[in-house]
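As a plain string of letters, each chain reads:
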Amino acid sequence: MRVVLTGGAGFLGFHLATILLERGDQVVCVDNLISGTRRNVDDLAAAHDGFEFIEHDVSEPFSVEGSVDAVMHFASPASVPDYLANPLLTLRAGSYGTFNTLNLAREHEARYLVASTSEIYGEPQVHPQPESYWGNVNPVGPRSVYDEAKRFAESATAAYRRTYDTDTSIVRYFNTYGPRMRPEDGRVVTNFVVQALLGKPLTIYGDGTQTRSFGYVGDIAAGTIALLDSGHPGPMNIGTPIEFTMLKLAEVVLELTGSSSELSFEPLPEDDPTQRRPDITVAREVLGWEPTTTLHEGLPPTIDYLRGLLQL
Ligand code: UDP
């Protein structure tokens with residue numbers, strides 16, 4: 001297959017591109033390097049023949065020469081500080097970017113997969129969250145630039161399927177971590193690991209009793225490619241249904257880094273969801289996919305990667 005992957009220079013994009021290239025597919029990465037990195041692009045290009053890079057903002061229309069069998073729209077800021085710093089760009093990536101990539105898929109009669117998020121469930125009133133839950137999002141709060149952009153992206157994708165019979169699908173991610181995250185990304189795993197490695201206090205927002213379910217990127221990328229290949233329309237949750245409080249995560253990070261950093265308690269960001277855990281029954285049944293990497297297995301390679309970048 002020849003796959004157009006927007007956001008291919010990002011954390012998840014790097015791992016998706018790697019799986020596709022290793023199995024012999026070609027990847028055309030489209031990315032404006034807002035939160036993706038040149039390093040990821042260079043490493044993919046050096047390791048594989050079938051990799052092409054187009055530096056472009058997907059919010060502006062674009063075309064791709066030659067055959068296209070699949071379009072994966074993964075370009076968007078994804079960490080809370082990134083999308084709060086780039087609110088309009090985030091809305092544009094989810095709206096114009098989704099239309100532009102849907103049009104590309106339609107033009108080439110290609111399979112289409114858009115990256116959505118558990119953020120569309122907002123502050124969930126149903127726990128764990130199945131795909132059938134419609135969510136509870138504040139449409140005008142600061143996080144809405146991401147949540148509503150992704151909700152719009154899902155709506156546009158479903159409308160292309162209904163209107164043009166485009167072969168679309170939607171994946172909803174939960175909290176994903178692993179090597180290739182930027183140390184300054186701002187998400188909790190990278191914050192805690194970097195703070196622990198530098199001997200700085202681990203910043204717990206709120207009282208640390210809020211929960212998230214952390215999926216190792218190797219599992220999450222494999223589930224995504226299985227969804228791409230399956231022909232299933234989605235939406236489909238791809239996440240690891242094991243829930244941790246932030247206090248527990250801090251404890252595990254301190255244990256695995258051997259750090260004696262203190263904890264420092266900081267204000268809870270506005271509209272920070274109190275709990276989040278995927279119901280992955282659909283992924284299990286349709287894809288036969290199951291995440292297998294525990295936090296104790298997935299954190300060490302993540303810690304090693306960040307230690308390497310920090311030159312410790
Ligand atoms: N968080 C934290 N300390 C940090 C960064 C985040 O306690 O340094 C908390 C944050 O308030 C949230 C959870 O960790 O409750 C996950 O935050 P992240 O930004 O990683 O992802 P998201 O909020 O998008 O799930």
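One can find the structure itself at the top, above this paragraph.
Please read these numbers as outputs of a predicted model, since none were measured by experiment.

Participant: Got a sec to walk through the packing of helix 5 (residues 96–108) against helix 6 (residues 144–164)? Specific residues and values, please.
Facilitator: At a minimum axis distance of 10 Å, the contact between helix 5 and helix 6 shows a crossing angle of 25°. The angle between helix 5 and helix 6 places the two elements in the roughly parallel class. Between helix 5 and helix 6 lies a crossing whose hand is right-handed. Along its contact with helix 5, which presents T98, F99, L102, N103 and R106, the element helix 6 presents F152, A153, A156, T157, Y160 and Y164.

Participant: Give a description of the environment of T6 that names residues and reports values.
Facilitator: With respect to the secondary-structure elements, T6 resides in strand 1 (residues 2–6). Linking T6 and Y96, residues 90 residues apart in sequence, is a C-alpha distance of 13 Å. For T6, the contacting residues outside a window of four places in its chain are V30, V58, F62, M72, H73, F74, A75 and T101. A distance of 2.7 Å separates a polar atom in the side chain of T6 from a polar atom in the side chain of H73. Engagement of the side chain of T6 in a polar contact is seen with the backbone nitrogen of F74, the distance being 2.9 Å.

Participant: Explain the site of the ligand residue by residue, including any values.
Facilitator: For the ligand, the set of nearby residues contains 17 residues, the closest of which are V188, T203, R212, D272 and R276. The backbone of Y205 places a nitrogen or oxygen atom 2.9 Å from an oxygen atom of the ligand. In the environment of the ligand, an oxygen atom lies 2.6 Å from a nitrogen or oxygen atom belonging to the side chain of R212. For the ligand, whose accessible area on its own is 510 Å², the fraction buried by protein is 95%. For the shell around the ligand, the elements supplying multiple residues, two or more each, are helix 7 (188–198) and strand 8 (202–205). A per-class count over the shell around the ligand returns seven nonpolar, four polar and six charged.

Participant: Provide a residue-level description of helix 5, including the pertinent values.
Facilitator: An α-helical turn contains 3.6 residues, so any two residues separated by three or four positions project in the same direction. Here helix 5 contains 13 residues, and its C-alpha end-to-end distance of 18 Å stays within 8% of the 18 Å for a straight helix at 1.5 Å per residue. Of all the positions in helix 5, only G97, T98, N100, T101, L102, L104 and A105 are classed as buried. On the buried face of helix 5, the contacting elements are strand 1, strand 4 (70–73), helix 4 (87–94), strand 5 (111–117), helix 6 and strand 6 (168–173). E109, located one to two residues past helix 5, shows a positive phi value of around 50°.

Participant: An account of the environment of V217 is needed here, citing residue identities and associated values.
Facilitator: Its place among the elements puts V217 in helix 8 (residues 217–230). Judged by its relative accessible area of 1%, V217 is buried.

Participant: Just give me the short version of the packing of helix 7 against helix 9 (residues 246–257), but keep the residues and values in it.
Facilitator: One can describe the packing of helix 7 onto helix 9 by two numbers: an axis separation of 10 Å at closest approach and a directional angle of 40°. Here helix 7 is positioned oblique relative to helix 9, judged by the angle of their axes. By crossing handedness, the relation of helix 7 to helix 9 is classed as right-handed. Contacts between helix 7 and helix 9 involve V188, V189, F192, V193, A196 and L197 from the former and M246, L249, A250, V253, L254 and T257 from the latter.

Participant: Give me the lowdown on the side chain of N100, citing residues and values where you can.
Facilitator: Its place among the elements puts N100 in helix 5. Once residues lying within four places of it in the same chain are set aside, the contact partners of N100 are V58, S59, E60, P61 and F62.

Participant: Please provide a residue-by-residue account of the nonpolar core, values included.
Facilitator: Core analysis: the largest hydrophobic core is formed by 59 residues, its most contacted members being M72, F74, I238 and L299. Contacts of L299, omitting those with residues within four sequence positions, involve Y177, V189, V193, V252, V253 and L256. Judged by nonpolar contacts, the second largest core, of 19 residues, contains V28, V64, V68 and I170.

Participant: Hey, could you go over the pairing of strand 2 (residues 26–31) for me, with residue numbers and the actual values?
Facilitator: The buried count for strand 2 comes to five of six residues, which makes it a mostly enclosed element. Note that strand 1 and strand 2 share five bridges and pair parallel. The partner of V4 across the bridge, within strand 2, is V28. For the segment spanning strand 1, helix 1 (residues 11–22) and strand 2, crossover handedness is right-handed. Of the pairings in the sheet, the one linking strand 2 to strand 3 (residues 51–55) comprises five bridges and is parallel in character. Looking at strand 3, one finds that C29 is bridged to F53.

Participant: Before we move on, can you summarise the packing of aromatic side chains with the specific residues and values?
Facilitator: Tallied over the entire structure, the rule returns eight aromatic pairs. Measuring from ring centre to ring centre gives 5.8 Å for F99 and F152, while their planes differ by 80°; the resulting arrangement is edge-to-face. Of the two residues, F99 is situated in helix 5 and F152 in helix 6; the sequence distance between them amounts to 53 residues. Between F99 and Y160 the ring centres are 6.2 Å apart and the planes differ by 50°, which places this aromatic pair in the tilted class. Residue F99 is found in helix 5, and its partner Y160 is found in helix 6; the two are separated by 61 residues along the sequence. When its relative accessible area of 34% is taken as the criterion, F99 is described as partly exposed.

What counts and how
- Residues numbered from 1 in each chain as written.
- Predicted model: local features only at pLDDT ≥ 70, side-chain atom pairs only at ≥ 80, totals over all residues.
- Heavy atoms only, no water.
- Axes fitted to C-alpha atoms, helices over the stretch in contact; angles between N-to-C directions.
- Helix = DSSP H or I, 4+ residues; strand = E, 2+ residues; numbered from the N terminus.
- Parallel < 35°, antiparallel > 145°, perpendicular 65-115°, else oblique.
- Left-handed = near helix turned anticlockwise from the far one by under 90°.
- Contact = heavy atoms within 4.5 Å.
- Polar contact = N/O pair within 3.5 Å; in protein donor to acceptor, adjacent residues only side chain to side chain.
- Near = heavy atom within 4 Å.
- Areas by Shrake-Rupley, 256 points an atom, 1.4 Å probe, with all protein chains shown as cover.
- Nonpolar A, V, L, I, M, F, W, Y, C, P; charged D, E, K, R; others polar.
- Expected span 1.5 Å × (residues − 1).
- Buried < 20%, exposed > 50% of the residue type's maximum accessible area, 1.4 Å probe, protein only.
- Core = buried A, V, L, I, M, F, W, Y, C linked by side-chain atoms within 4.5 Å.
- Pairing = 2+ DSSP bridges.
- Right-handed = clockwise from strand over helix to strand, strands pointing away.
- Phe/Tyr/Trp six-rings, centres within 6.5 Å; stacked < 30°, edge-to-face > 60°.

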